[in-house]
Structures are given as structure tokens and as C-alpha cells.
Amino acid sequence: QVQLVESGGGLAQAGGSLRLSCAAVGRTFKNYAMGWFRQAPGKEREFVASISWSGGNIYYADSVKGRFTISRDDAKNTVYLQMNSLKPEDTAVYLCAADRRPLGLGRFPAAFGSWGPGTQVTVSS
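Residues numbered from 1 in each chain as written. Predicted model: local features only at pLDDT ≥ 70, side-chain atom pairs only at ≥ 80, totals over all residues. Heavy atoms only, no water.

1. Concerning the side chain of Ser50
Quick reminder of the rule: Per the convention used, a helix needs a DSSP run of H or I reaching at least four residues, while a strand needs a run of E reaching at least two, with both numbered from the N terminus. Pairing of N or O atoms within 3.5 Å defines a polar contact, subject to two protein rules: one partner must be a possible hydrogen donor and the other a possible acceptor, and residues neighboring in sequence count only if both atoms are side-chain atoms. Throughout, a contact is declared for two residues whenever any of their heavy atoms are within 4.5 Å.
Locating Ser50 in the fold gives a position in strand 5 (residues 46-51). In terms of polar contacts, Ser50 uses its side chain to reach the backbone carbonyl oxygen of Gly106, at 2.6 Å. If we skip the residues at most four places from it in the chain, Ser50 touches Met34, Gly35, Asn57, Ile58, Tyr59, Ile70, Gly106 and Phe112.

In C-alpha cells:
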């Protein structure tokens with residue numbers, strides 16, 4: 001079992017930046033792909049970005065490509081999401097997730113099975 005805790009959310013203006021962090025406790029972090037998802041009010045949860053266990057494979061949703069960057073620091077058991085050029089439509093609760101199985105690429109959103117409680121990101125126009 002792994003416990004995930006997100007931080008770094010808040011209020012930003014359109015065009016601004018935020019950096020989210022997700023700290024993992026409870027299993028060997030470096031062996032697992034990690035991902036970020038988001039859920040806006042009244043909408044389904046959607047994939048944002050993921051990074052493989054090695055960091056060599058990274059995937060982004062088309063809606064954030066070129067604006068968001070996912071990274072990981074295995075020494076700190078932490079995955080990050082740098083969000084630049086924020087838009088009002090980025091407003092959502094952002095959730096961190098871990099792959100169910102070790103040594104995965106993190107390519108498929110359905111592979112993620114452990115979730116953090118989420119952190120709110122609000123972007124004003």
C-alpha cells in the first residue's frame with residue numbers, strides 16, 4: 001500500500017504558474033509509474049500527465065501539452081507537476097496517482113490504482 005499526499009494548489013491568475021507536489025509513503029516509490037489527474041465540478045476525472053518508473057517515458061493530455069511538465073525525484077519520493085500558462089479551464093481538483101504494478105510505463109490511465117485526496121487549483125480570468 002502507498003499513501004499519497006498532494007500539495008501546492010491554490011489560486012492563480014490566467015497566464016500564471018503553480019507547482020504541485022505529491023509525496024509518497026509506504027512502498028518503493030522509484031519502482032512505480034506516477035500520474036496526475038484532475039476533476040472539475042460536474043465532470044469526470046481526466047488524465048493530465050504520467051511518468052514511467054524510470055522517468056524515461058512521459059505522457060501528457062493534449063489539453064496541457066506544452067504548458068505542464070511532470071517530473072519525479074526518487075530521492076524525495078515525490079512527483080511534481082509544473083503548470084505554466086494556466087487557463088480558467090484548468091480549474092479542478094488535482095489528484096496524484098500511483099501505478100498498481102511496478103516497473104510500468106504509466107501509459108494507460110486505467111493502470112493507476114492508488115490515489116491521493118487531491119489539491120484544489122483555481123485559475124481566475
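2. Details of the side chain of Arg72
Going by this rule: Think of it in three bands: residues with accessible area under 20% of the maximum for their type are buried, residues over 50% are exposed, and the middle band is partly exposed, with areas taken using a 1.4 Å probe on protein chains only.
Residue position: Arg72 is located in strand 7 (residues 68-73). The class for Arg72 is buried, based on a relative accessible area of 15%. Separated by 2.8 Å, the side chain of Arg72 and the backbone oxygen of Tyr32 make a polar contact. Side chain to side chain, Arg72 and Asp74 meet in a polar contact 2.9 Å long.

3. Here's the deal with the environment of Thr119
As for its placement among the helices and strands, Thr119 is situated in strand 11 (residues 119-124). Separated by 100 residues in sequence, Thr119 and Arg19 place their C-alpha atoms 11 Å apart. In terms of polar contacts, Thr119 uses its side chain to reach the backbone amide nitrogen of Gly9, at 3.2 Å.

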